[in-house]
Amino acid sequence: MIFLLLVVWPIAMSGSAWLVRRTPLLATLTAAIATLVELVLLGRVALDDPARLLGINVVVTATSQLTLGVLAVSVLVNLLSSAVFAQGEHVPAITLLLLGCGAAVAIFAAPLLATTVVLIAGGLAALLLLDTPTFTLISPALLAAALRFLVLWVVGAALLFVGLLLQRPAASPLATTLVVLGWAVLLGLFPFHLAFPPLAATANVAVIGVIGGVLQLLGVLLVIALRPTQLVADALAQQLLVAFGGLSVLGGALLALRATPRRTIMLLLTARLGLIAVALGQPTEVGLRSALALIATHALATALLVLGLALGERRVAGRSESVGILRERPLAAIACIAGLLTLLGLPPFGGWGPLLLLSQALSGSPVVLGCCALGLVIAALAATRLIRDLLIRPPVVATTRTLAFDDVQLLPAAIPGYAPGLVRIALIVLLTASLALGLAPDLLFVPLNAAGR
Amino acid sequence: MLESLALGLLAVAVVAMVLVRDWRPTVAWLLLAFAGAAGVLQQQPWAAPEVGNLLFAAEALTGLIVAGMLLITGLTFSRDYNVEDLDEFGLMELRRAARRAAHLDVPHRANDYVLPGVGLLVVLGGVALLPRLYAGPNGVELVDYTWTLLLLGGVLQLVISQNLLKIGGGLLLLALGLQMLYVARSAAVGLVVLALLDVAMLVLALTIAFLCGLLYGRLRTLDVGEVYRQGP
């Protein structure tokens, strides 16, 4: 029963969120409560206890429980940002549908069914990316990026589907290659990352959270769900995943060196995802543990970066700012810097523990370890440049007024703060979590040890 | 016999979808492709008659809904200007644009069919070879030609299309091909997966319709090239 609830509950509640979509706060509250209930259900599910649902084998392993939990928390952060920063009215409903897709991928022990669900999630995500507030003029660049994303996602899912089916009656190198290519396209690994940076550059800031915190985690969840059947016994699949991961770490970091701020963030996330792919490509327990730890800190860093960037870019009537975000909006700057440090694995934030585990997992592969280390150094340079451009450099004040500009808006009775109370609380929680994981890594390692076994 | 007929229908529909440049006939050919796929599904040896009929009905219904969505989208977002709302200067501009357009020899040039034609030859070669190279446990069956035709045809359609509705048609052909592949190669065909693939096609059609609406609202065209010209 609880398996069925895990999938059906968010989908049913998305209907409720859609019905009250005209009242955005109520819709977001409904979706947030539904996500919290999903987390409770996930905590109560029996691990490694197979059952039958609709004639299909279902099981929740500790790894899929952890990844789905991280995805659900990311959904919560995205819902929070959709409540505070203007987004389309369908965002809560579609986000819940994506959570339902994640639950289906996590519990159904059927690779083809999971791939089909991911295909559906791609279509829903394209709708979500384009769901902007009413009367917002959508740029052609955003439309182009969304179309590119949709096509790449369908092609990725198709490659995976074909690869999985061609493995019958016996596995072949072509089938394995197709499977890993499908994973690489779905995760947005280099050189299949083409859709994500333009989306991050042109869409709402929260889209970075949707991509990094929900979509890419859904892809990772799919890899984890299929890992026992595909990766543990197949050396070619491991090598290909490590190759794509290594390429992503280096390629993502190198491209980030010369990109605009939003693209830089997306490319740094791609590099980080490359590390996760490298870790998933290791057939050892340490490799899996490091992958899970990297996933948790990836979601944490994404949430911090998205909230920080959104606060930094938020237009507040009456605020005239002449110096950089670092001095004008310190909370936004702290969130961005903490997110970047978590992403790069620099103490005292929580990213260094997973990297330490990864280095242990890669102790037998010095070339891959060297690639990852080089990629991290380049990523650190890109992050430094990002901090300079985004946080320290004074803002460029527009000399021409846009059509949406209204002088009346510039005459408030009191100047409001740039960070709503809810976002302040969320940022403090996230910062505390990152610091806690950095100062006491056992908080992460103890549950991971159980999951890895 | 009926399965061969369905495959023939499917082949005609895919070839026509690739060659036809206008989106209107594409929708009709897409519907025909769904009808062919439904016919192939119904004739599968593992499906009892009642299951076969159910699959046929489900596939035909999905095809009708998907084609209906694309048709309504196309008709809604390819309307001409409302002439009655234009002033005399607007009408003058419109007449001038019409005169210019009449002199442009855009449609039906032989060169426009070179790429689709060559692509179709490659696709047909692939359809003839791939099922033999990657034969299933029971050897080459008719349904193997179906999925190779749909998958390769879908990819070709994606590569050569400039119109958003035609790209949507390519994505739907790909999804239909996945369904046929599943039927052909799965050890035990699950109705849940088939149903979810139908849902995936509906979601894809919905997304394409939404994209068409946004694109037309912004640029007054469904030409994808225009999006990239006016892009970043």
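Before reading further, recall that the structure is shown in the block above.
The structure displayed is predicted, hence computed values, not measured ones. (Residues numbered from 1 in each chain as written. Chains lettered and ligands numbered in written order. Predicted model: local features only at pLDDT ≥ 70, side-chain atom pairs only at ≥ 80, totals over all residues. Heavy atoms only, no water.)

**Q** Quick question: what am I supposed to make of the overall build of chain A here?
**A** Within chain A, the secondary structure is distributed over 18 helices and 2 strands. On C-alpha atoms alone, chain A measures out to a radius of gyration of 21 Å, which is about the 22 Å that the 2.2 N^0.38 rule sets for 453 residues. If one aligns the C-alpha atoms of chain A with their principal axes, the spans along those axes are about 70 × 50 × 40 Å. Split into buried and exposed, the 453 residues of chain A put 59% on the buried side. Taking all contacts inside chain A whose residues are at least 6 apart in sequence as the whole, residues at least 24 apart take part in 79%. Seen as two clouds, the 23 positive and the 14 negative side-chain charges of chain A have centres 5 Å apart. (Helix = DSSP H or I, 4+ residues; strand = E, 2+ residues; numbered from the N terminus. Rg over C-alpha atoms; globule rule 2.2 N^0.38 Å. Buried < 20%, exposed > 50% of the residue type's maximum accessible area, 1.4 Å probe, protein only. Contact = heavy atoms within 4.5 Å. Lys, Arg positive; Asp, Glu negative; His and termini not counted. Charge placed at Lys NZ, Arg CZ, Asp CG, Glu CD.)

**Q** Help me understand the overall build of chain B in this model?
**A** A count of helices and strands for chain B gives 9 helices and 0 strands. Tracing chain B from N to C terminus, the helices and strands come up as α-α-α-α-α-α-α-α-α. Expressed as a percentage of the 232 residues in chain B, the buried residues total 45%. Taking all contacts inside chain B whose residues are at least 6 apart in sequence as the whole, residues at least 24 apart take part in 69%. Just so you have it, chain B exposes about 11,400 Å², and 66% of that area is on carbon and sulfur atoms. (Areas by Shrake-Rupley, 256 points an atom, 1.4 Å probe, with all protein chains shown as cover.)

**Q** Hey, could you run me through the interface of chain A and chain B in this one?
**A** Many analyses report the size of an interface as the accessible area lost when the parts associate. Taken together, the contact pairs 34 residues of chain A with 38 residues of chain B. For the pair chain A and chain B, the two sides together bury roughly 3,200 Å², of which 86% comes from carbon and sulfur. Counting the surface chain A buries against chain B, the share from its top three residues, A:Pro140, A:Leu143 and A:Leu147, is 17%. Taken together, the links from chain A to chain B amount to 0 salt bridges. In this assembly, chain A and chain B are joined by 2 residue pairs in polar contact (both at pLDDT 80 or more). Elements with a minimum of two residues in the side of chain A that touches chain B: helix H5 (111–130) and helix H6 (140–166) of chain A. (Buried area = accessible area lost by both parts, 1.4 Å probe. Salt bridge = Lys/Arg side-chain N within 4 Å of Asp/Glu carboxyl O. Polar contact = N/O pair within 3.5 Å; in protein donor to acceptor, adjacent residues only side chain to side chain.)

**Q** Whenever I open this one, the side chain of B:Asn163 confuses me. Can you help?
**A** All names here are of chain B. Take Asn 163: it is sitting in the loop between helix H6 (142–160) and helix H7 (164–185). For Asn 163, a relative accessible area of 18% puts it in the buried group. Within the structure, the side chain of Asn 163 is placed 2.8 Å from the backbone nitrogen of Leu 165, a separation counted as a polar contact. When sequence neighbours within four positions are dropped, the list of residues in contact with Asn 163 reads Trp 23, Leu 222 and Val 224.

**Q** Got a minute to help me understand empty space enclosed by the protein in this structure?
**A** Rolling a probe over the atoms, with the probe sized like a water molecule, indicates the empty space that remains. All names here are of chain A. Inspection of every chain in the model, using the stated rule, returns 6 cavities of 30 Å³ or more. Of the pockets and cavities examined, the largest cavity occupies roughly 70 Å³. Contributing elements (two or more residues each) for the lining of the largest cavity: helix H11 (261–280), helix H14 (330–344) and helix H16 (366–392). The greatest single-element share of the lining of the largest cavity, amounting to 4 residues, is contributed by H11. Split by residue class, the lining of the largest cavity holds 8 nonpolar, 1 polar and 1 charged. (1 Å grid on protein atoms, 1.4 Å probe; cavity = no way out; pocket = protein on both sides within 12 Å on 5 of 7 lines; lining within 4 Å. Points joined across faces, edges and corners; volume = space filled by probe spheres on them. Nonpolar A, V, L, I, M, F, W, Y, C, P; charged D, E, K, R; others polar.)

**Q** I would appreciate a short explanation of unusual backbone geometry in the present structure.
**A** What is expected of a backbone is that most residues other than glycine have negative phi and most peptide bonds are trans. Residue and element names in this part refer to chain A. For the bond from Phe 190 to Pro 191, the omega torsion is 5 degrees, close enough to zero to count as cis. Note that Pro 191 resides in the loop between helix H7 (173–187) and helix H8 (196–202). Even without being glycine, Asp 48 reaches a positive phi, approximately 50 degrees. Its location among the elements puts Asp 48 in the loop between helix H2 (24–44) and strand E1 (51–53). Overall, Asp 48 belongs to the exposed group, its relative accessible area being 52%.

**Q** How should I be thinking about the packing of aromatic side chains in this particular structure?
**A** Here a ring pair, both rings aromatic, is described through the centre-centre distance and the interplanar angle of the planes. Throughout the structure, instances matching the rule amount to 4 aromatic pairs over all chains. The ring of A:Trp18 has A:Arg21 sitting right over it, with the charged end atom 4.1 Å from the ring centre. (Phe/Tyr/Trp six-rings, centres within 6.5 Å; stacked < 30°, edge-to-face > 60°. Lys NZ or Arg CZ within 6 Å of the ring centre and 35° of its normal.)

**Q** Got a minute to help me understand the nonpolar core in this structure?
**A** Generally speaking, nonpolar side chains in soluble globular proteins are found buried as a group. The biggest cluster of nonpolar side chains holds 236 residues, and the ones touching the most others in it are A:Phe108, A:Phe149, A:Leu280 and A:Leu311. When sequence neighbours within four positions are dropped, the list of residues in contact with A:Phe108 reads A:Val7, A:Leu53, A:Ile56, A:Asn57, A:Val58 and A:Leu113. (Core = buried A, V, L, I, M, F, W, Y, C linked by side-chain atoms within 4.5 Å.)

**Q** It is not clear to me how the pattern of salt bridges should be interpreted in this structure. Could you clarify?
**A** Between side chains of opposite charge, a pair can form when the charged atoms approach closely. Residues and elements named next belong to chain A. This structure, assessed with the given rule, holds 8 salt bridges over all chains. Residue Glu 313 pairs with Arg 262 through a salt bridge whose shortest N-O separation is 2.7 Å. Of this pair, Glu 313 sits in helix H12 (residues 285–313) while Arg 262 sits in helix H11, and the two are 51 residues apart along the sequence. By relative accessible area, Glu 313 is classed as partly exposed at 36%. Several salt bridges converge on common partners, so that one network encompasses Arg 385, Arg 388, Asp 389 and Arg 393.

**Q** Is there a simple way to think about the side chain of B:Thr148 in this case?
**A** All names here are of chain B. Mapping Thr 148 onto the fold places it in helix H6. Owing to a relative accessible area of 1%, Thr 148 belongs among the buried residues under this scheme. One polar contact links the side chain of Thr 148 to the main-chain carbonyl oxygen of Tyr 145, over a distance of 3.0 Å. Those residues in contact with Thr 148 that sit more than four places away from it in its chain are Val 127, Leu 130, Pro 131 and Gly 153.

**Q** What should I look at first to understand a nonpolar patch on the surface in this one?
**A** Residues and elements named next belong to chain A. A cluster of nonpolar side chains, Met 1, Leu 4, Leu 5 and Val 8, forms an exposed patch at the surface whose accessible area comes to about 370 Å². Position of Met 1 among the secondary structure elements: in the segment before helix H1 (2–19). Residue classification places Met 1 among the exposed residues on the basis of a relative accessible area of 76%. (Patch = residues over 30% accessible without salt bridge, like charges linked within 9 Å, V, L, I, M, F, W, Y side chains within 5 Å.)

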